[in-house]
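This is what each chain is made of:
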Amino acid sequence: MIVKDWCMFCGECAGVCPKNLIEVKEITLIFNDEDCKECSTCVKACPISALEKE
């Protein structure tokens, strides 16, 4: 997953991940891409399109 520079760290993506692979800590998005099944739920949930699949 690619997190673009304009990510606001709102946590919308973390809230919808069916495998709970995304965590927001302060101004950092922690993404466990090793277990990601690339369902794109987080990409679709982002209100400002700051995520995209690699």
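In the block above lies the structure referred to throughout.
Right, let's walk through the structure included here.

Calculation rules
- Residues numbered from 1 in each chain as written.
- Predicted model: local features only at pLDDT ≥ 70, side-chain atom pairs only at ≥ 80, totals over all residues.
- Heavy atoms only, no water.
- Helix = DSSP H or I, 4+ residues; strand = E, 2+ residues; numbered from the N terminus.
- Rg over C-alpha atoms; globule rule 2.2 N^0.38 Å.
- Buried < 20%, exposed > 50% of the residue type's maximum accessible area, 1.4 Å probe, protein only.
- Contact = heavy atoms within 4.5 Å.
- Areas by Shrake-Rupley, 256 points an atom, 1.4 Å probe, with all protein chains shown as cover.
- Lys, Arg positive; Asp, Glu negative; His and termini not counted.
- Charge placed at Lys NZ, Arg CZ, Asp CG, Glu CD.
- 1 Å grid on protein atoms, 1.4 Å probe; cavity = no way out; pocket = protein on both sides within 12 Å on 5 of 7 lines; lining within 4 Å.
- Points joined across faces, edges and corners; volume = space filled by probe spheres on them.
- Nonpolar A, V, L, I, M, F, W, Y, C, P; charged D, E, K, R; others polar.

**Some points on the overall build of the protein**
Across its full length, the protein carries 2 helices and 4 strands. Ordered by position from N to C terminus, the α and β elements of the protein give β-α-β-β-α-β. Here the C-alpha radius of gyration of the protein, 10 Å, is about what a compact globule of 54 residues would show, namely 10 Å. Looking at the protein as a whole, 26% of its 54 residues qualify as buried. Considering only residue pairs separated by 6 or more positions, the protein has 48% of its internal contacts joining residues 24 or more positions apart. Carbon and sulfur atoms make up 48% of the accessible area of the protein, which amounts to about 3,900 Å² in all. Distance between charge centroids for the protein: 7 Å, based on 6 positive and 10 negative side chains.

**A look at empty space enclosed by the protein**
One way to see where empty space is left: roll a probe the size of a water molecule over the atoms. Summed over all chains, the structure comprises 1 cavity of 30 Å³ or more. Considering the residues around the largest cavity, the lining is formed by 14 residues, among which Cys 7, Phe 9, Cys 10, Cys 13 and Cys 46 are closest to the centre. Among the residues forming the lining of the largest cavity, the class breakdown is 12 nonpolar, 1 polar and 1 charged.

It is worth stressing that arrangement in space is one thing and function is another; only the former is reported here.
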